[in-house]
Each structure stands twice: as structure tokens, then as C-alpha cells.
2 protein chains.
Amino acid sequence: MIIRIDLQSETPIYLQLSNQIIENMANGNLKPGEEVPSIRSLAADLGINIHTVNKAYSLLKQKGLLTMHNSRGIVATRSHTEEDEKNMSSVKKALRPIIAESICYGFANIQLKKIVDELYKDIKGGKINE
Amino acid sequence: MIIRIDLQSETPIYLQLSNQIIENMANGNLKPGEEVPSIRSLAADLGINIHTVNKAYSLLKQKGLLTMHNSRGIVATRSHTEEDEKNMSSVKKALRPIIAESICYGFANIQLKKIVDELYKDIKGGKINE
DNA sequence: CAAATGATATATTATATATATAACATTTGT
DNA sequence: ACAAATGTTATATATATAATATATCATTTG
């Protein structure tokens, strides 16, 4: 799993980290059941603090995407279908202001869905660019 | 233009404010060329500080959605088509992590585009909920 | 000329982010 | 039994962001 942190970015490190782990889960680089690097080892590899990694992992745990096993490592998880409603409302809440902004920019509904379609395929394709 | 600030929210006030102004521009409550409340009056109405309103307005100005006229008020703006590329890349950058997260939740491409479609119509419809 | 405007400056408080150590209980491998 | 590695938690420090309180300035409007 490739992770790259930009210390100059205005996006907090723990968010960059959790976002990139999510991308790795989305494109299949990190599959459900597979182990994630330990907090200490990842912090050492990236040259950042343990607590920063811990914060990112806690966020993913809260989203139901990671499961901590008592002193035995951390494993990628796919949240259950019972949580679909919760996940759905979380996604909608995040999407809403972006879609509103797109409307202000004059982007049509079809145009916006085309962008979503492209991003969806691009992420699943496994590109980690931007 | 109706604006409601939640002081308990974890979303910063200036972001709540700019997001709601954007929604009002998206649903037609605030049309291009129309005046926006002055910084002082809006701050007084909402019971928040001048600088917080100023920060929200500056953000919208930076997005090309507001234009300040020297000591003569602030006006809603539709950013020009020449900036489409910039706006597009801005929207994509914001959308990417949310779509990746949706994929982790097991949401299909069609399902996601349906959500976008619903939100698009809901925002244009003018609902200001949650 | 007074009033209102956006812009700017300084200061203070509170919260968020990131780091540095340290310690704890649990699990794993020897 | 023991050492090593794990996730968890606690404390402390430094910096950045968010929000507030005053205040001043040039410009525009009535």
C-alpha cells in the first residue's frame, strides 16, 4: 500500500492519511480482512507521529472501515449492510455543499453525474494521482 | 435569504455561512447581481463577529461567487466560463475522497449517481433543510 | 458632512493539529 | 517464563485555526 504525505498541504496529515487508505480500499489495493500497517511502523515509515496515525485510524474505525484487534493488529473492514442508511446520510451530508457549489458554477445535472462517473471509474482503476 | 447558524456544530461558523449562501445562490434565492447583506448587518443579525462573516465572504469572493464593490456593498456573482476548468478541478478534488468512501461502503456507480441526481434536484428545489 | 461600507490592524481566547515521552494490558513467538 | 510488538491511554508542549473584541482608515452615499 503506497501512501504519500505532503507536509506543505493545507489538508491535515491525519486526513491525508485516512483519505489515502480509503482510496486503497476502494481500488482493491487493500482488501477486507487484510492487515494494515501497525500504528508504530506506519508512523516510522512516513516520518510522522504515532498519535497522528492513531487519529487517522480512529477516524476509519469510526466509519466502520477498520477493526482493531486487541494487541494483534488492525484489519480492513467492509461495514455491514445494516449501516447502509447511516453511511448514506453521511455521504449525502458531505456531497450536498459540493453539488450546490457546482450548480453555482453553472454545471448541469448531466455534466455533474459525468464527473462522478469518471471519478468513480478512475478511483476503481487504481490511480492514486491528482 | 434565510441563514441559520448552529453554534454547537463541529463545522466552523464561517463554513456554515458560506455553504448556506452557496445554497441560496444554487436554488435561486440569491440571484447574480443581487446584493448580499453587509458584513456588519449580517454579523449583527446572526449574533456573530464581523470577522467571521468577512472570512466567509472572502472565501466566496475567492471562489468567484461574490464581488465586493468599494464601500458600496457586495453582490452575488456567477463566475465566468473562462474559469470553468479551475472550478471543475476544484469540484473534482472535493468529490474524490467522498466517492472513494462511497465505494468502500459498497455503493454502486449507478446508486451514487442516483444520490447525486436527488441532491441536485433537492438543492435546486430550494429546500434548506439540515 | 454624517453615516454606512469594505478593508485592515492588533489583541485575546478557545479549539484543533502535530509532536514528544511515557506507561499500561494484551498478545505473540521463543 | 520472558521479551517483543501491539493498541490504548495519559500528560505536556508548540503551532495553527477559529472566533471574538475594539479600533481605524478611505471611499461612497444621502
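Note that the structure is predicted; figures quoted are calculated from it, not measured.

What counts, and where the lines are drawn
Residues numbered from 1 in each chain as written. Chains lettered and ligands numbered in written order. Predicted model: local features only at pLDDT ≥ 70, side-chain atom pairs only at ≥ 80, totals over all residues. Heavy atoms only, no water. Salt bridge = Lys/Arg side-chain N within 4 Å of Asp/Glu carboxyl O. Helix = DSSP H or I, 4+ residues; strand = E, 2+ residues; numbered from the N terminus. Buried < 20%, exposed > 50% of the residue type's maximum accessible area, 1.4 Å probe, protein only. Core = buried A, V, L, I, M, F, W, Y, C linked by side-chain atoms within 4.5 Å. Contact = heavy atoms within 4.5 Å. Buried area = accessible area lost by both parts, 1.4 Å probe. Polar contact = N/O pair within 3.5 Å; in protein donor to acceptor, adjacent residues only side chain to side chain. Nonpolar A, V, L, I, M, F, W, Y, C, P; charged D, E, K, R; others polar.

Colleague: I would appreciate a short explanation of the pattern of salt bridges in the present structure.
Modeller: Working definition: two side chains of opposite charge can pair if their charged atoms are close together. Tallying each qualifying case throughout the model produces twelve salt bridges over all chains. Linking Glu101(A) and Lys63(B) is a salt bridge whose minimum nitrogen-to-oxygen distance equals 3.0 Å. Here the residue Glu101(A) occupies a position in helix H4 (residues 84-104), and Lys63(B) occupies one in the loop between helix H3 (50-62) and strand S2 (66-69), the pair thus bridging two chains. For Glu101(A), a relative accessible area of 11% translates into the label buried. Relative accessible area serves as the criterion here: at 21%, Lys63(B) is assigned to the partly exposed category. With its nearest N and O atoms 3.0 Å apart, the salt bridge here joins Arg96(B) to Asp122(A). One end of the pair, Arg96(B), is in helix H4 (residues 84-104); the other, Asp122(A), is in helix H5 (residues 109-125), on a second chain. Residue classification places Asp122(A) among the buried residues on the basis of a relative accessible area of 19%. Through salt bridges that share partners, Glu23(A), Asp122(A) and Arg96(B) make up one connected network.

Colleague: Even after reading the chapter, I still don't get the nonpolar core, so can you show me in this structure?
Modeller: For soluble globular proteins, the rule of thumb is that nonpolar side chains tend to be buried together. The biggest cluster of nonpolar side chains holds 71 residues, and the ones touching the most others in it are Leu17(A), Leu95(A), Ile99(A), Leu17(B), Tyr57(B), Leu95(B) and Ile99(B). Ignoring anything within four residues of it in the chain, the contact list for Ile99(B) reads Val116(A), Leu119(A), Tyr120(A), Ile123(A) and Leu112(B).

Colleague: Mind showing me how you'd approach the interface of chain A and chain B here?
Modeller: Interfaces are frequently sized by the accessible area removed from exposure as the parts join. The interface is formed by 46 residues belonging to chain A together with 46 residues belonging to chain B. Summing both partners gives a buried area of about 4700 Å² for chain A against chain B, and 69% of it is carried by carbon and sulfur. Together, Arg96(A), Tyr105(A) and Tyr120(A) form the three largest contributors to the area buried by chain A at its contact with chain B, with a combined 17%. Applying the counting criterion to the chain A and chain B interface returns ten salt bridges. Remark: the boundary between chain A and chain B carries 16 residue pairs in polar contact (both at pLDDT 80 or more). Among the elements of the structure, helix H1 (13-26), H4 and H5 of chain A are those that each provide at least two residues to the side of chain A that touches chain B. The element that contributes the greatest number of residues to the side of chain A that touches chain B is H4(A), accounting for 17 residues. Looking at the side of chain A that touches chain B residue by residue, the class counts come to 23 nonpolar, eight polar and 15 charged.

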